[in-house]
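If you want the building blocks of each chain, they are given just below.
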Amino acid sequence: MPPRAPTGVPHRERTTLSTLITGIGSLVTNDPGLGAGPLGLVEDAAVVVDGDRIAWVGPAAAAPAADDRFDAAGRALLPGFVDSHSHLVFAGDRTAEFNARMSGRSYSAGGIRTTVAATRAASDAELDANLARFLREALRQGTTTVECKSGYGLTVEDEARALRIAARHTPETTYLGAHVVAPEFADDPAGYVELVTGEMLDACAPHAKWVDVFCERGAFDGDQARAVLTAGAARGLVPRVHANQLSYGPGVQLAVELGAASADHCTHLTDEDVAALAGSRTVATLLPGAEFSTRAEYPNARRLLDAGAAVALSTDCNPGSSFTSSMAFCIAVAVREMGMTPDEAVFAATATGARALRRTDVGTVTVGARADLLLLDAPSHVHLAYRPGVPLTAAVWRNGVREV
């Protein structure tokens, strides 16, 4: 029989339906108050989704009734992945660059300019379709929240249109006019910084939530990065930083000083950098796809975790240095190469990814959280690292709607 409607509201007039997901073999809640360990694991669990939110979490035997029922058949359920670092508004292909690099050429920041030329030449419709395609690809693999940067236009209009396009698909949009110095300003980097902090910022700020800068050799030094981030912050954008990817540098310290939400890459860290991250709100977002695709040294997640720093994992999906949309792949690499346990890697790809975006409504399976869920075709979240490269997505819900 159907569940009893709320008092005074006939059942036929309800505008949303609730769904009981039961038979969950292992549920990752990311709330230690709900279950075992940091992941808050609940065995033989159930979840009730009502509209776009989680309405109930607990043992299957105690689950309330709902309008619909979905049997997870003993499989594992976890929060949808939160990918807090991606570059998806672009055109063109850099297969030749990848092939050359795998044949012995080293990676440097300058390859970005190849994508800049292709992106400038593309139409709005082409860029929108490309972005939508990659977001669908990520969703099929369990990613329900995606941050997206500009940075492949490097003109006022091209950066602004990139953010307008991104904002149609995600609220997590990042102004990255300071990706590299635009080719037109190759002999005048100071002039380009002036553009990025002035006219370009004016055009882009209305469409962005975050401001980012590639603080690295071949891109922007510490003083230039500070100018970009402080200008963005003055316009209400919250800083994040591409920091310490290719070499030791000022990026991490600058991120912490300015209260950035995240310092991303964090491959080359001094003891002082690690201590600064551990003593701050700034999340160290590690991007193992970049090291995998460039044959570079992996960041040391174990060192950061042992110091008490918050560590997130993200794909860095971009056409040059990390052309993967698979968070599961990043989890597997982080466990194999970066010293993380499977539990730590899953937490980093969900709960800490949400923290890197300063979100409390995603990354957990708790009452009131957004109903973004990933059902694995496996009995445990550990299979994400245990079975690398195997498609394990059985179902995905986003905003309470089953999408996969």
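Before reading on, note that the structure itself is shown above.
All of the points below concern the structure found in this document. (Residues numbered from 1 in each chain as written. Predicted model: local features only at pLDDT ≥ 70, side-chain atom pairs only at ≥ 80, totals over all residues. Heavy atoms only, no water.)

### A closer look at the overall build of the chain
Then, in step 1: Helix and strand content of the chain: 15 helices and 18 strands.
Then, in step 2: Computed over its C-alpha atoms, the radius of gyration of the chain comes to 22 Å, within 12% of the 22 Å expected for a compact globule of 404 residues.
Then, in step 3: In terms of overall dimensions, the chain has a C-alpha envelope of 75 × 45 × 40 Å along the principal axes.
Then, in step 4: A buried classification covers 58% of the 404 residues belonging to the chain.
Then, in step 5: For the chain, restricting intrachain contacts to residue pairs at least 6 apart in sequence, the fraction spanning at least 24 positions comes to 70%.
Then, in step 6: For the chain, the exposed area adds up to about 15700 Å²; of that, 52% sits on carbon and sulfur atoms.
Then, in step 7: Distance from the positive charge centre (35 side chains) to the negative charge centre (47 side chains) of the chain: 4 Å. (Helix = DSSP H or I, 4+ residues; strand = E, 2+ residues; numbered from the N terminus. Rg over C-alpha atoms; globule rule 2.2 N^0.38 Å. Buried < 20%, exposed > 50% of the residue type's maximum accessible area, 1.4 Å probe, protein only. Contact = heavy atoms within 4.5 Å. Areas by Shrake-Rupley, 256 points an atom, 1.4 Å probe, with all protein chains shown as cover. Lys, Arg positive; Asp, Glu negative; His and termini not counted. Charge placed at Lys NZ, Arg CZ, Asp CG, Glu CD.)

### A look at the packing of aromatic side chains
Then, in step 1: Counted under the stated rule, the structure contains 8 aromatic pairs.
Then, in step 2: Ring centres 5.1 Å apart and planes at 90° place the aromatic pair Phe70 and Trp397 in the edge-to-face group. Of this pair, Phe70 sits in strand E4 (residues 68–71) while Trp397 sits in strand E17 (residues 393–398), and the two are 327 residues apart along the sequence. In this structure, Phe70 and Trp397 share a single accessibility class: buried.
Then, in step 3: An angle of 25° between the planes, with centres 5.5 Å apart, marks the rings of Phe90 and Phe134 as stacked. Remark: Phe134 occurs in helix H3 (residues 124–140) and Phe90 occurs in the loop between strand E6 (81–83) and helix H1 (95–102); sequence separation between them is 44 residues.
Then, in step 4: On the accessibility criterion, Phe90 (1% relative accessible area) is buried.
Then, in step 5: Classification of Phe134 as buried rests on a relative accessible area of 5%.
Then, in step 6: Members of the aromatic cluster, each reached through a chain of ring pairs, are Phe90, Phe134, Tyr152 and Phe323.
Then, in step 7: It is Arg133 that lies over the ring of Phe134; its NZ or CZ is 4.5 Å from the centre.
Then, in step 8: A cation sits over an aromatic face here: Arg240 above Trp210, 4.3 Å from the ring centre. (Phe/Tyr/Trp six-rings, centres within 6.5 Å; stacked < 30°, edge-to-face > 60°. Lys NZ or Arg CZ within 6 Å of the ring centre and 35° of its normal.)

### Regarding the pairing of strand E14 (residues 283–286)
Then, in step 1: Where burial is concerned, the two faces of E14 agree: the one with Val283 and Thr285 and the one with Ala284 and Leu286 are both buried.
Then, in step 2: Bridge analysis of strand E13 (residues 262–265) against E14 gives 3 bridges, and the strand direction is parallel. Bridge pairing in E14 links Ser262 to Val283.
Then, in step 3: Following the backbone out of E13, through helix H9 (residues 271–278) and into the adjacent parallel E14, one traces a crossover that is right-handed. (Pairing = 2+ DSSP bridges. Right-handed = clockwise from strand over helix to strand, strands pointing away.)

### Topic: the side chain of His85
Then, in step 1: Note that His85 resides in the loop between E6 and H1.
Then, in step 2: Overall, the relative accessible area of 0% leaves His85 in the buried class.
Then, in step 3: Here the side chain of His85 touches Asp264 through a polar contact of 2.6 Å, side chain to side chain. (Polar contact = N/O pair within 3.5 Å; in protein donor to acceptor, adjacent residues only side chain to side chain.)

### With respect to the pattern of salt bridges
Then, in step 1: Considering all chains together, one arrives at 21 salt bridges under this definition.
Then, in step 2: The shortest N-O distance in the salt bridge between Arg94 and Glu97 comes to 2.8 Å. Across the pair, exposure class does not vary: Arg94 and Glu97 are buried alike.
Then, in step 3: Measuring nitrogen to oxygen at the nearest pair gives 3.1 Å for the salt bridge that ties Arg302 to Asp306. Pair noted here: Arg302 and Asp306 are both in helix H11 (residues 301–307), with a separation of 4 residues, about one helical turn.
Then, in step 4: Accessibility expressed as a relative area gives 56% for Asp306, which makes it exposed.
Then, in step 5: Linked by salt bridges that have partners in common, Glu172, Lys209, Arg359 and Asp361 make up one network. (Salt bridge = Lys/Arg side-chain N within 4 Å of Asp/Glu carboxyl O.)

### Topic: the packing of helix H5 (residues 189–197) against helix H7 (residues 222–234)
Then, in step 1: Where H5 contacts H7, the two axes come as close as 9 Å, and the packing angle between them is 15°. The angle between H5 and H7 places the two elements in the roughly parallel class. Here H5 and H7 pass one another in a crossing that is right-handed. Every residue of H7 that contacts H5 at Pro189, Val193, Val196 and Thr197 is listed here: Gln224, Ala227, Val228 and Ala231.
Then, in step 2: Split into classes, the residues belonging to the contact of H5 with H7 amount to 6 nonpolar, 2 polar and no charged. (Axes fitted to C-alpha atoms, helices over the stretch in contact; angles between N-to-C directions. Parallel < 35°, antiparallel > 145°, perpendicular 65-115°, else oblique. Left-handed = near helix turned anticlockwise from the far one by under 90°. Nonpolar A, V, L, I, M, F, W, Y, C, P; charged D, E, K, R; others polar.)

### Section: the environment of Thr350
Then, in step 1: Within the element layout of this structure, Thr350 appears in the loop between helix H13 (342–349) and helix H14 (351–356).
Then, in step 2: Look past the residues within four positions of Thr350 in its chain and what remains in contact with it is Asn30, Pro79, Gly80, Phe81, Val82 and Gly363.

### Some words on helix H4 (residues 156–167)
Then, in step 1: Taking 1.5 Å per residue, 12 residues should reach 16 Å; H4 reaches 17 Å between its end C-alpha atoms and fits that length.
Then, in step 2: By the burial criterion, the buried members of H4 are Val156, Asp158, Glu159, Ala160, Arg161, Ala162, Leu163, Ile165 and Ala166.
Then, in step 3: Buried residues belonging to H4 abut helix H2 (112–121), H3, strand E8 (148–149), strand E9 (173–178), H5 and helix H6 (199–204). (Expected span 1.5 Å × (residues − 1).)

### Here's the deal with H5
Then, in step 1: Within H5, burial applies to Gly191, Tyr192, Val193, Leu195 and Val196.
Then, in step 2: Elements that come into contact with the buried residues of H5 comprise H4, E9, H6 and H7.

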